[in-house]
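A structural walkthrough
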Amino acid sequence: KVNSFAHQDELGVRSRSPRWAIAGKLKSQQVTTKILNIEVSLGRTGAVTPVAKLEPVSVGGVVVSNATLHNQDEIDRKDVRIGDTVLIQRAGDVIPEVVKVILEKRQKGSLPFTLPNNCPVCSHEVFRPEGEVVARCQNMECSAQVKGRIDHFVSKGCMDIDGFGTKLVDQLVEKKLMKNVADIYSLSLDQLSELERMAEKSAQNIMDAITASKKSSMARFIHALGIRNVGEHAAKVLEKSFSGNLENLMDAEIEALTAIHEIGGIMAESIVNFFQDDTNKKVIKACLKAGIQFEAVEQIQESEFTGKTFVFTGSLEKFSRKDAQSMVEKLGARASGSVSSKTDYLVAGPGAGSKLMKAEELNISIYSEDEFLELIGK
DNA sequence: GGCCAGGAGCCAAACTCACG
DNA sequence: CGTGAGTTTGGCTCCTGGCC
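Everything numeric in this text was worked out from a predicted model, so none of it was measured.

With 12 residues, helix 11 (residues 265–276) ought to run about 16 Å at 1.5 Å a step, and its terminal C-alpha atoms sit 16 Å apart, in line with that. Listed as buried for helix 11 are Met-267, Ala-268, Ser-270, Ile-271, Val-272, Phe-274 and Phe-275. Those residues of helix 11 that are buried are in contact with helix 7 (218–225), helix 8 (232–241), helix 9 (246–251), helix 10 (254–258) and helix 12 (278–289).

Moving on to the packing of helix 7 against helix 8. Contact geometry for helix 7 and helix 8: axes closest at 8 Å, N-to-C directions at 135 degrees. The angle between helix 7 and helix 8 places the two elements in the oblique class. Every pair of crossing elements has a handedness; the one defined by helix 7 and helix 8 is right-handed. Contacts between helix 7 and helix 8 involve Met-218, Ala-219, Ile-222 and His-223 on the former and, on the latter, Glu-232, Ala-235, Lys-236, Leu-238 and Glu-239.

It is worth spelling out the protein's contact with DNA strand C at this point. Around DNA strand C, a shell composed of 34 residues is seen, among which Ser-41, Thr-45, Thr-49, Ile-95 and Ser-341 lie nearest. Within the side chain of Thr-49, an N or O atom sits 2.5 Å from a phosphate oxygen of DNA strand C. The separation between a phosphate oxygen of DNA strand C and a polar main-chain atom of Asn-229 is 3.2 Å. Of all the secondary structure elements, the ones that give two or more residues to the surface near DNA strand C are strand 4 (48–59), strand 5 (62–68), strand 7 (95–101), helix 6 (200–213), helix 8 and strand 13 (334–336). Ranked by residues supplied to the surface near DNA strand C, first place goes to strand 5 with six residues. Residue composition of the surface near DNA strand C, by class: 11 nonpolar, 16 polar and seven charged.

Relative to the elements of secondary structure, Leu-172 occurs in helix 4 (residues 166–174). The buried category is assigned to Leu-172, whose relative accessible area is 0%. Put simply, Leu-172 and Gln-191 are 19 residues apart on the chain and 9.2 Å apart in space, counted from C-alpha to C-alpha. Setting aside residues up to four positions removed in sequence, Leu-172 forms contacts with Phe-164, Leu-177, Met-178, Leu-187, Leu-192 and Leu-195.

Let us look at the packing of helix 11 against helix 12. For the pair helix 11 and helix 12, the least separation of the axes is 5 Å and the interaxial angle reads 75 degrees. The orientation of helix 11 relative to helix 12 falls into the category roughly perpendicular. Two secondary-structure elements touch here, helix 11 through Phe-274, Phe-275 and Gln-276 and helix 12 through Asp-278, Asn-280, Lys-281 and Ile-284.

Another point: the domain arrangement of chain A. It is common to give the size of an interface as the accessible area lost on bringing the parts into contact. Per the domain assignment, the segments making up chain A are domain 1 (28–137), domain 2 (143–213), domain 3 (218–294) and domain 4 (309–375). Computed over C-alpha atoms only, the centres of domain 1 and domain 3 are separated by 34 Å.

Ile-150, Phe-153, Phe-164, Ile-184, Leu-238, Leu-249 and Leu-257 are the most contacted members of the largest nonpolar core, which has 53 residues in total. At the level of secondary structure, the elements contributing two or more residues to this core comprise helix 3 (143–154), helix 4, helix 6, helix 7, helix 8, helix 9, helix 11 and helix 12. In terms of residue count, the dominant contributor to this core is helix 11 (six residues). Counting only domains with at least three residues in this core, you end up with domain 2 (143–213) and domain 3 (218–294). With residues near it in sequence (within four places) discarded, Phe-164 still touches Ile-150, Val-154, Val-169, Leu-172, Met-178, Ile-184, Leu-187, Ile-206 and Ile-210. With 25 residues, the next largest nonpolar core counts Val-57, Ile-88, Cys-119 and Cys-137 among its residues.

The next subject is the environment of Met-140. Relative to the elements of secondary structure, Met-140 occurs in the loop between strand 9 (136–137) and helix 3. A relative accessible area of 54% means that Met-140 is categorised as exposed. Along the backbone, Met-140 and Arg-44 are 96 residues apart, and their C-alpha atoms lie at a distance of 9.8 Å. Sequence-distant contacts of Met-140, defined by excluding residues within four places in its chain, comprise Gln-145, Val-146 and Arg-149.

Criteria and cut-off values
Residues numbered from 1 in each chain as written. Chains lettered and ligands numbered in written order. Predicted model: local features only at pLDDT ≥ 70, side-chain atom pairs only at ≥ 80, totals over all residues. Heavy atoms only, no water. Helix = DSSP H or I, 4+ residues; strand = E, 2+ residues; numbered from the N terminus. Expected span 1.5 Å × (residues − 1). Buried < 20%, exposed > 50% of the residue type's maximum accessible area, 1.4 Å probe, protein only. Contact = heavy atoms within 4.5 Å. Axes fitted to C-alpha atoms, helices over the stretch in contact; angles between N-to-C directions. Parallel < 35°, antiparallel > 145°, perpendicular 65-115°, else oblique. Left-handed = near helix turned anticlockwise from the far one by under 90°. Near = heavy atom within 4 Å. Polar contact = N/O pair within 3.5 Å; in protein donor to acceptor, adjacent residues only side chain to side chain. Nonpolar A, V, L, I, M, F, W, Y, C, P; charged D, E, K, R; others polar. Domains from an automatic or database assignment. Core = buried A, V, L, I, M, F, W, Y, C linked by side-chain atoms within 4.5 Å.

Structure, rendered in C-alpha cells:
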C-alpha cells in the first residue's frame, strides 16, 4: 500500500515494498528429512490415500513426522520414493508437505512407488475409475469405511456426539457391536462400560451425549449421512429447498434436484442413488425411530449483507468460526473458506497469514473481530 | 502416568456448479 | 466449452482437560 522501495527485512532479503517484506518473513522454513516409509490410509469413502512417514524433524516450531502425498498422480509428479531425502515445509505454516526430492541423495536401486491394487484393510480390490484420480476400495462393508462413516456421522458438523472418538469407534466395529450408524442408538450402558479404557463414568457420558444429539436439524442429518458430493453447504441448501421435509427429499427425482440452485447433475445423481439404496433407507428409518428430531428451518432476514461473502481468518478470540458462520448466515450472507475477488469482507483475528495478504492484494475491506461485530450491529 | 477426545489453526488437490 | 469461485475430501500438529 505504501510506495517505499529497497526495503530490507531482517532476513536480509531486499524487497520492493513492506508487504513483500512481510511475505519474506512469513515464508515457510524448509527442511530436509528422509522418507522412512509410505503408508496408505482409507477414508470414509474408501479413498486410498498415501502418507509419507518421515524421519521426525523440527520445522517452524513443531516436530513433523507425516506428510500427505494426496494420490498416485502426485507421487508420480514429484517421483517420491521410499528412502528418498526430501525437502519439506509447512504450507501456510500449518500443513506439512513434500516440496521436492533431493535427487543427488537418492539411494541406488530405489524403485518408483506405486499404490497397492488391493485394500490394505480388507484386501478387496481397489478401483480407480477412468479419468478420476482417486482409487477407492469397492467393498462397502470394509471395516475402514464403516469406521469412517461412523466417525463422520458423530463429528462436530454432523450429529455432534460428544466423546464419541475414533478409538471408541474402532473398538465398537471390531467387536461387531456396530455395523452402521443407526447402531449407535441401540448401544447400552453395559456394552460401553465393558470396552477398553471405558468405565461407568465415561459410558454414561457417551449415553448422555447420544441423547443430547437427537435434537438436531435436517441439514446436520443429511450431512451426517455422508452422501457423496454432499457436504455441509449442500446439505443446508437441500434443507432449505425441501423446507425441512426429509421424505420429500428422499422421493425427489433428478430433475427436481437439478432445478435447485447450486445442485447440479452430478450431485443430483449421488443423492438419488443414495436414497434408492435399501440399506441406506433402513438406516435412515432406524435413526428416525430412535428419536432424532429436526428443528424448524430458520427464516433468514433480508439485510444489506444479503448475498455478500465473508471470510474469517486468524485465531478468533471473541467468537468461534461456527458462531461467525451462523451469524452471517442469519443475515443472508455466507461464510467462505477462501479469499477471492468475490469476497466482500475479510474478518481477521490475530495471527492471520496468507488469507490476510491475499485480501490486501485484492483491496478487500478488512475488519477486526470488534469492527465486525459493530458492522453487523451486535 | 498415560490415553483419548476435541479445539484451534488452515492447506492442497479434486471436483462441482454456474455463467459467459 | 473454458474458467473462476466455492465445496468436498482428506490431511497435520499442538495442547488441555477428563477419565481410566
